[in-house]
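Here is what each chain is made of, one letter per residue.
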Amino acid sequence: MTSDASDEHLVKQAQTGDREAFLTLYNRYLKKVYNRVKSRIPPQDAEDVTQDIFIAVARSLPNFEQRSRFNTWLYTIVNRQIADYYRRYYRTNENLSVSLEAQEEEGIEIAVSDDENVDEKVLLQQALQELPENYQEIILMRFADGLSFAEIAEARKQTLEATKSLFRRAIQALNAKVDRDVL
Amino acid sequence: MRLEDQLANYTDQLLVGQLPDELPAELEREARITRQLHAIIAPDTEMKADFRSRLNHSVMDEFEQAQRQHRQTRQTRKNILPFKLMSVQGLSAAAAILIVLVGAIAVFSDPGDDNPAPVGTTPEISIEAFAGFVVIGLVVVVGLYFFNRRQS
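Residues numbered from 1 in each chain as written. Chains lettered and ligands numbered in written order. Predicted model: local features only at pLDDT ≥ 70, side-chain atom pairs only at ≥ 80, totals over all residues. Heavy atoms only, no water.

Just checking my understanding: could you explain the pattern of salt bridges for this structure?
Between side chains of opposite charge, a pair can form as their charged atoms come close. Residue and element names in this part refer to chain A. Taken as a whole and assessed by the stated rule, the structure comprises 17 salt bridges over all chains. Glu-137 is the salt-bridge partner of Arg-36, the closest N and O atoms lying 3.0 Å from each other. Of this pair, Arg-36 sits in helix α2 (residues 19-40) while Glu-137 sits in helix α6 (residues 133-143); the two residues are 101 residues apart in sequence, bridging distant segments of the chain. Both residues of the pair, Arg-36 and Glu-137, belong to the buried class. Across the pair Arg-36 and Asp-145 runs a salt bridge whose closest N-O atoms are separated by 3.0 Å. Of the two residues, Arg-36 is situated in helix α2 and Asp-145 in the loop between α6 and α7 (149-156); the sequence distance between them amounts to 109 residues. Under the relative-accessibility criterion, Asp-145 is labelled buried at 14%. Linked through salt bridges whose partners overlap, the residues forming this network are Arg-36, Glu-137 and Asp-145. (Salt bridge = Lys/Arg side-chain N within 4 Å of Asp/Glu carboxyl O. Helix = DSSP H or I, 4+ residues; strand = E, 2+ residues; numbered from the N terminus. Buried < 20%, exposed > 50% of the residue type's maximum accessible area, 1.4 Å probe, protein only.)

Below, the structure is given as structure tokens:
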């Protein structure tokens, strides 16, 4: 299977059970997906979430009807898995904060991490996660996928000027969210 | 140069590892966020080899398993569905024919009380009524056709 075959062709082949076609698709998107996950999820969990995403892709591929482009479908799975991760994360942290409060009440000393970088990173990841879809997408296309602004403009069927304006608005929105969360 | 262009250039320079040009004060906050994003989304970070190998195995195993399951499901559907489809097709075709026949009989046998057909003559046919029944029959047939396409 040639590595320059289109996604659509590879999907069709993979749906007939062609291992090589699936492997080509997987290798084509692995790094992009991993970067996207890493940018939105704490590093210690990024590997597990990446694995969950590709397991979901392998499982759902036979039923993918190609009504949308493959990468759109794939990134929908990425977003869903990340949202699931944060649902679990908040649930666990709620339990954790309840248990910490209980320990504090009982006078047990709690070690607090003073690693500001970690806090800042988590804050930025959470703020990114809360941005509107088109803002998240343009930031991830530039930073995680490594696409140039011209390539992003082409993919989004926009002018270069409009793409750069959207990028700036996305950065401004992210900045506003981070500031709000800090305060 | 527009502020958007300056921020885009700044981002490009940052991503290729160049020392970015100085930005005007009004872009300072955006530049800070851009630098932070660059720090957390470093596209050149390599995956750990053991993770990559573990991932390859589990994903390819899942792919094989999903394909096997899909083939099985398709085979099962193939064995069961033709019977079901035939029943649906047969019933729908029969319904369509019945509608047209009932319509034809009704139109031919009941010319209306006000103007009965004389004995030994052909009754008057309401073309509109007959056409109505034909249309209903056709709608059923066309519906059946699309239903079949969807199933196949």
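Alright, that's what it looks like, and here's the rest.
Is there a simple way to think about the environment of Ile40(B) in this case?
Secondary-structure assignment places Ile40(B) in helix α2 (residues 28-40). In this view, Ile40(B) contacts Lys38(A), Ser39(A), Lys121(A), Leu124(A) and Gln125(A); residues no more than four positions away in its chain are not counted. (Contact = heavy atoms within 4.5 Å.)

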